[in-house]
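# Observations on the model geometry
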Amino acid sequence: MNVENLGCNKSFGGWHKQYSHYSEVLNCTMRFAIYLPPQASSGDKVPALYWLSGLTCTDENFMQKAGAHRIAAELGIAIIAPDTSPRGDDVADDEDYDLGKGAGFYVNATQAPWSRHYRMYDYVLNELPELAESMFPVSDQRSISGHSMGGHGALVLALRNSERYRSVSAFSPISNPVNCPWGKKAFGAYLGKDTASWAEYDASILMREATAFVPALVDQGEADDFLEEQLKPELLEAAAKRSGYPLELNRHEGFDHSYYFIASFIERHLRFHAGHLAR
């Protein structure tokens, strides 16, 4: 596999590195970032947290703004952050920010022209971990987390693949995309008019019907501008109660949708994942 290093920065005794590679799944060149904690330099494999970012973001937002490196270095956890969509001149796009490049929604698109490239679900589930675990001292002990659109993706991937993840967390996730404007627009384009297929990528529906459980932590700011129309955490909470899902959902007064919110609580999320990765 042709992998190119794009940058390398020492951080809290570990290394933040950025790479590009050609993705067979997405049919384009992709970029991802990885933080390797100091423990990885000994040659021992470390567990990994996969981070999925939100609309308009890339691999860089979380690594630069969340303040996660210090705690990841202490806990000995690698962090792997892919881009949020395929990129390239021949990749389908839309003029709106909530569809196309930067808005992959972590689904496998079935509709033209999106289906040629937009298979972020398979990329995050299989191709990226296979690359990371073959190239770096990273083990197959995985947890997953994300923000907003990425929170939706993290929850869906964990709910559908409980055997692959030790834990899942999310900040301000799109909890019921089949019933919100962002989700309806993206799913209609990527998955088509058959709304029955949309349920495969809806965290509230999946959690309501779950029989295999991955411990889940969700934090939501109560001053989030998208709370009522787009995010709908109350539906995720209701789904968990119905199935008995081990979900901890916390609401925080005054916090919005920004990385200030993520930075305020990322330590708690990393320690949550570390507890499950160590088991």
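To be clear, the structure that these remarks concern was listed above.
In this text, all values refer to a predicted model and were calculated from it rather than measured experimentally.

Cut-off values and rules
Residues numbered from 1 in each chain as written. Predicted model: local features only at pLDDT ≥ 70, side-chain atom pairs only at ≥ 80, totals over all residues. Heavy atoms only, no water. Helix = DSSP H or I, 4+ residues; strand = E, 2+ residues; numbered from the N terminus. Buried < 20%, exposed > 50% of the residue type's maximum accessible area, 1.4 Å probe, protein only. Pairing = 2+ DSSP bridges. Core = buried A, V, L, I, M, F, W, Y, C linked by side-chain atoms within 4.5 Å. Contact = heavy atoms within 4.5 Å. Phe/Tyr/Trp six-rings, centres within 6.5 Å; stacked < 30°, edge-to-face > 60°. Lys NZ or Arg CZ within 6 Å of the ring centre and 35° of its normal.

## A few points about unusual backbone geometry
Trans peptide bonds make up the majority, and among non-glycine residues the majority have a negative phi. A cis geometry characterises the amide bond from Ala 112 onward to Pro 113, with omega recorded as 0 degrees. Turning to its location among the elements, Pro 113 is positioned in the loop between β5 (78–82) and α3 (120–135). A positive phi angle, close to 50 degrees, is found at Phe 12, a residue other than glycine. Checked against the element boundaries, Phe 12 lands in the loop between β1 (3–11) and β2 (14–23).

## Describing the pairing of strand β8 (residues 216–221)
The two faces of the sheet receive side chains in turn, since in a regular strand these alternate between them. Across the six residues that make up β8, a large majority, six, are buried. Burial along β8 is two-sided: the face carrying Ala 216, Val 218 and Gln 220 and the face carrying Leu 217, Asp 219 and Gly 221 are both buried. The pairing of strand β7 (residues 168–171) with β8 spans four bridges and is classified as parallel. Bridging from a neighbouring strand, Val 168 pairs with Ala 216 of β8.

## Details of the nonpolar core
Counting 72 residues, the largest nonpolar core has Phe 105, Ile 144 and Tyr 190 as its most contacted members. For this core, the leading source of residues is α3, giving eight residues. Not counting the four nearest positions on each side in its chain, Ile 144 is found in contact with Leu 49, Tyr 50, Leu 52, Val 124, Ala 154, Leu 157, Ala 158, Tyr 165, Ser 167, Val 168, Ser 169 and His 273. Residues Ala 72, Ile 79, Ala 274 and Leu 277 belong to the second largest nonpolar core, which totals 23 residues.

## Considerations on the packing of aromatic side chains
Scanning the model with the defined rule gives 18 aromatic pairs in all. Judged by centre distance (6.1 Å) and plane angle (55 degrees), the ring pair of Trp 51 and Phe 171 falls under tilted. Of this pair, Trp 51 sits in strand β4 (residues 46–52) while Phe 171 is found in strand β7, placing the two residues 120 residues apart along the sequence. Judged by relative accessible area, Trp 51 falls into the buried class, the value being 0%. Each ring, one from Phe 171 and one from Phe 261, has its centre 5.7 Å from the other, and the planes form 90 degrees; the classification is edge-to-face. On the criterion of sequence distance, the pair formed by Phe 171 in strand β7 and Phe 261 in helix α9 (residues 259–277) is long-range, its members being 90 residues apart. When its relative accessible area of 0% is taken as the criterion, Phe 261 is described as buried. These aromatic residues form a ring-pair network of at least three members: Trp 51, Phe 62, Phe 171, Phe 255, Phe 261 and Phe 265. Above the face of the Tyr 201 ring, Arg 160 is positioned so that its terminal group lies 4.9 Å from the ring centre.

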